[in-house]
Amino acid sequence: MQPVQAAVDMTPVELDEEDLNRRRGKERKGRPLGRYLMVVSVKPRATQIAVLEGRNLIEHYVSRPADDVFQIHGNIYLGRVQNVLPGMEAAFIDIATPKNAVLYRGDVQYDKDDIESVGGQPKIEEILRPRQTVLCQVTKNPIAHKGARLTQEVSIPGRFVVLIPNSNTYGISKRLPDQERRRLRQILDRVRPAGHGLIVRTAAEGVTAEEIERDVLQLARQWEEIDRLARTVQAPALLYREPDMAVRVIREEFNQDYRGVVIDDRALYEEIHAYVSAISPALADRVQFYDNDVEPLSILERYHVHEQLVRALDRKVWLPSGGSLVIEHTEALTVIDVNTGKNVGTTNLEETVYRNNLEAAAEIAKQLRLRDIGGIIVCDFIDMEIEANKRAVIKAFREALARDKTRTQVFDISDLGLVEMTRKRIGEGLLESMSILCEPCEGRGIRIDEELLA
């Protein structure tokens, strides 16, 4: 059976990189201008990538050789429909992973001429049927007992552009100046492959037409290979694997804002240096090799990453004035409790609580990003009586979260002093990636006294 391909809709749809990343589960917000450093440590058990702003650790990634089964975000598969659930408006797809992936109705592509439907939009059971093969891409990694999430709107990211096969989607990042957008639009009209869509990324600012064209041609060749495999292999099968995390993070992040990338593995250094030299020659000299045989400290110790990671794994976080945060994880949500602790203030109770909450708002935003906490989050701020103070705290909280590249949604402070919010869940989080489940207590942190139950 031939794989189901998305029909080419001839109605132009204009998106930019942020719209595309939202669909792929990778929305990015503007990172403030500054000087960053990326530190890459390669060990047999895992590769760690730390992003520093000044000396402060702001992001951390872990990749293990065994993660290929679970870290599959961006991979493209030829899947097979296992079953369709009309009540959930979803289908479970076998993509040769331990758990079947989920494809929701809104992420399904179809040819209207092939569907017999009465009324408006066809239902998912009218589009998909068991044992049907579908070309799909992972937009969210499997987490705990949940399988990966899929879309049939495939996109292949490059350094300067993103290719959208079989689509009329086109666009340019809204973060670029109008004059630069006009220049890039002229290039886009010239290099855009027939029958495919393109998104020009923010990294394309100031890049020549030749560099963009090389990027487009490389992505077009990748798609041709994926399409060829889809027509020859038997489902379920992997058609395209995202590159290693170090290459992927550098592709997505590395730009003029970084003062350098320091790598302690010679082979990876040479691979990254060659990659950056090919796509951004002006940045190639910022890729540096850290020789562990010469340096007295490991790369993570040299840049004070270890000590900051230890603090980031603690459930308690101290605030500058003496207050504290307590971060607790549950299966349903994460709860963050704000305490005054040693902060006794100098004026009155309301002012002390207000200043403590302002500090907590900034620190919570930092911890959410560093620990990569996703899903539902409830922040228990200390009660304030003055409404203006409540508005000021929530405003400061939203401004601090605006620096986060992951999408967040924050609601106002309730009468109980609670702030409900969500943060897009993409990875497993820092705690999960850096810890091992305790077998005796199965992660509960307690053991039942069996003698009392005898």
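Our subject in this report is the structure included herewith.

About the cut-offs
- Residues numbered from 1 in each chain as written.
- Predicted model: local features only at pLDDT ≥ 70, side-chain atom pairs only at ≥ 80, totals over all residues.
- Heavy atoms only, no water.
- Pairing = 2+ DSSP bridges.
- Helix = DSSP H or I, 4+ residues; strand = E, 2+ residues; numbered from the N terminus.
- Axes fitted to C-alpha atoms, helices over the stretch in contact; angles between N-to-C directions.
- Contact = heavy atoms within 4.5 Å.
- Right-handed = clockwise from strand over helix to strand, strands pointing away.
- Core = buried A, V, L, I, M, F, W, Y, C linked by side-chain atoms within 4.5 Å.
- Buried < 20%, exposed > 50% of the residue type's maximum accessible area, 1.4 Å probe, protein only.
- Parallel < 35°, antiparallel > 145°, perpendicular 65-115°, else oblique.
- Left-handed = near helix turned anticlockwise from the far one by under 90°.
- Nonpolar A, V, L, I, M, F, W, Y, C, P; charged D, E, K, R; others polar.

Regarding the sheet that holds strand β19 (residues 333-339)
In any sheet, the strands associate via hydrogen bonds between backbone groups, in a parallel or an antiparallel arrangement.
1) Next: Ordered in space as β17-β18-β19-β20-β22-β21, the six strands form an open sheet in which the pairing is mixed. Of all strands in the sheet, those with a lone pairing partner are β17 (316-318) and β21 (408-410), marking the two edges. Between one strand axis and the next, the sheet turns by 20° as a mean value, whatever way the strands run.
2) Next: With six bridges joining them, strand β18 (residues 324-329) and β19 adopt antiparallel strand pairing. The residue bridging His329 from the neighbouring strand is Thr334, located in β19.
3) Next: Contacting β20 (375-380), β21 and β22 (418-423), helix α10 (residues 387-401) runs over the sheet at an angle of about 180° to β21.

Things to note about the pairing of β20
1) Next: Two elements, β19 and β20, share five bridges in a ladder whose sense is parallel. Opposite Val335, over in β20, you have Val378 as the bridge partner.
2) Next: In terms of handedness, the path from β19 via helix α9 (residues 349-371) over to β20 forms a crossover that is right-handed.
3) Next: Pairing of β20 with β22, which is carried by six bridges, proceeds in the antiparallel orientation. Paired with Ile376 across the strands is Thr422, a residue of β22.

Comments concerning the nonpolar core
Across soluble globular proteins, nonpolar side chains have a tendency to be buried as a group.
1) Next: Grouped together as the largest cluster of nonpolar side chains are 29 residues, with contacts concentrated most on Ile76, Ile156, Val161, Leu184 and Ile212.
2) Next: For this core, the secondary structure elements donating two or more residues are β5 (76-85), β11 (161-164), α3 (178-191), β13 (197-200), α4 (209-232) and β14 (237-240).
3) Next: Sorting elements by how many residues they give to this core places α4 first, with seven residues.
4) Next: Sequence-distant contacts of Val161, defined by excluding residues within four places in its chain, comprise Ile156, Leu198, Ile199, Val200, Arg201, Ile212, Asp215, Val216 and Leu219.
5) Next: Ala360, Ala365, Ile382 and Met421 belong to the second-largest nonpolar core, a separate cluster that totals 27 residues.

Side note on the packing of helix α5 (residues 245-253) against helix α6 (residues 266-279)
1) Next: Running from N to C, α5 and α6 cross one another at 30°; their axes reach a closest spacing of 11 Å. As the angle between them shows, α5 and α6 are arranged roughly parallel. Handedness of the α5/α6 crossing: right-handed. Residues Ala246, Val247, Ile250 and Arg251 of α5 pack against Leu268, Glu271, Ile272, Tyr275 and Val276 of α6.
2) Next: By residue class, the composition of the contact of α5 with α6 is seven nonpolar, no polar and two charged.

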